[in-house]
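Topology and contacts: notes
Chain residues, written in single-letter form:
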Amino acid sequence: MAAQTSQGYIQHHLTNLSVGEGFWTWHIDSLFFSVGLGVLFLWLFRSVGKKATTGVPGKLQCFVEMIIEFVDSSVKETFHGRNPVIAPLALTIFVWVFMMNFMDMVPVDWIPSLAAAAGIPYMKVVPTTDLNITFSMAIGVFLLIIYYSIKVKGVSGFVKELTMQPFNHWTMIPVNFLLESVTLIAKPISLALRLFGNLYAGELIFILIALMYGGNMALSALGVTLQLGWLIFHILVITLQAFIFMMLTIVYLSMAHEDH
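Position numbers for residues count from 1 along each chain, tracking the sequence in the order it is written. Restriction of local features to residues with pLDDT of at least 70 applies here, the model being predicted, together with a cutoff of 80 or more for giving and counting side-chain atom pairs; totals for whole chains, interfaces and linings are based on all residues. Note that the side-chain values use all heavy atoms of the structure and ignore hydrogens as well as water.

By the naming in an unreviewed UniProt entry, the chain goes by ATP synthase subunit a and is assigned to Shewanella violacea. UniProt positions are given in the numbering used here, feature names are shortened, and annotations may be inferred rather than shown by experiment. Recorded in UniProt for the chain, the comment headed Function (unreviewed entry) runs: "Key component of the proton channel; it plays a direct role in the translocation of protons across the membrane."

So this is what it looks like as structure tokens:
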């Protein structure tokens, strides 16, 4: 990779490989890694499910079973309706978001350097540092909230929820609608921005540490120490953010199933 200024180095690592312009811009790297990790998740869990035994399980089967039991218990404790879709959805969200977050553990220069050697100018490897990815997942959850709200409560019940709460009087309908609409719209926005903000900040810290110490042999030991220290702490961050995204999804869908 050609020598760059500090600003150029940071900008290079924060730029997506894109095609198109304006609204129709496609971030090819984010799509590639998010879809690729999703396919990997489906293949891995399907393979473990097909090879599962009733005897002493292998390490991979034991690990997958632990994740499934953890997610299942979280759903049972949080979701108060009856819907066979919620547990598989929660499992998919938790594992998929964690896998996308985990790409932040890859040293910041490895994949971009390989891409540059292959003639690809930009390559961001952490899909959850892309607002397009986090918002697309959050909008998917939002559409499920609307769907189940209407399915469980009916159109009239959903409209009543938006117009007759918290003040149960017809004169307060405009105020109720404004308050409830803001609350409803805030759900996907908070989901998307929380995940994006935490992962973007984590990636930026990795980049800054690499920028400060990566090229200085006298300080390389300190750089490695800082990178390792932040990596250990960041494992907690990426796991927690996947868990929060999953739990908020369960809570929001549980609220959508409540018919007052």
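Let us look at the nonpolar core. Nonpolar side chains in soluble globular proteins tend to be buried together. Throughout this description, the term nonpolar core refers to a set of buried Ala, Val, Leu, Ile, Met, Phe, Trp, Tyr and Cys residues connected via side-chain atoms within 4.5 Å. To sort residues, take the accessible area from a 1.4 Å probe on protein chains only and compare it with the maximum for the residue type: under 20% means buried, over 50% means exposed, and anything in between is partly exposed. Counting residues in hydrophobic clusters, the biggest one holds 58 residues, and the most contacted among them are Val71, Val95 and Met246. Looking at this core, the elements that each hand over two or more residues are α2 (28-51), α3 (59-78), α4 (86-102), α6 (131-163), α7 (173-213) and α8 (220-256). Tallying contributions element by element places α8 first for this core, with 11 residues. The criterion used for residue contact is that any of the two residues' heavy atoms lie within 4.5 Å. If near-sequence neighbours (up to four positions away) are discounted, Val71 is found in contact with Ala87, Ala90, Leu91, Phe94 and Met246. The helix count covers DSSP runs of H or I at least four residues long, the strand count covers runs of E at least two residues long, and both are numbered beginning at the N terminus.

Geometry of aromatic contacts follows a simple scheme: Phe, Tyr and Trp rings, the Trp one being its six-membered ring, pair when their centres are within 6.5 Å, and the pair is stacked under 30 degrees between planes, edge-to-face over 60, tilted otherwise. One pass over the structure, following the stated rule, counts 10 aromatic pairs. With a centroid separation of 5.8 Å and 55 degrees between ring planes, the pair formed by Phe70 and Phe94 is classed as tilted. Of the two residues, Phe70 sits in helix α3 while Phe94 sits in helix α4, which places them 24 residues apart along the sequence. On the accessibility criterion, Phe70 (35% relative accessible area) is partly exposed. Aromatic pair Trp230 and Phe233: ring centres 5.2 Å apart, planes at 35 degrees, arrangement tilted. Linking Trp230 with Phe233, this pair stays in helix α8, spanning 3 residues, or about one helical turn. Residue classification places Trp230 among the buried positions, given a relative accessible area of 19%. Judged by its relative accessible area of 43%, Phe233 is partly exposed. Taken together, the aromatic side chains of Phe70, Phe94 and Phe243 make up a single cluster linked through ring pairs.

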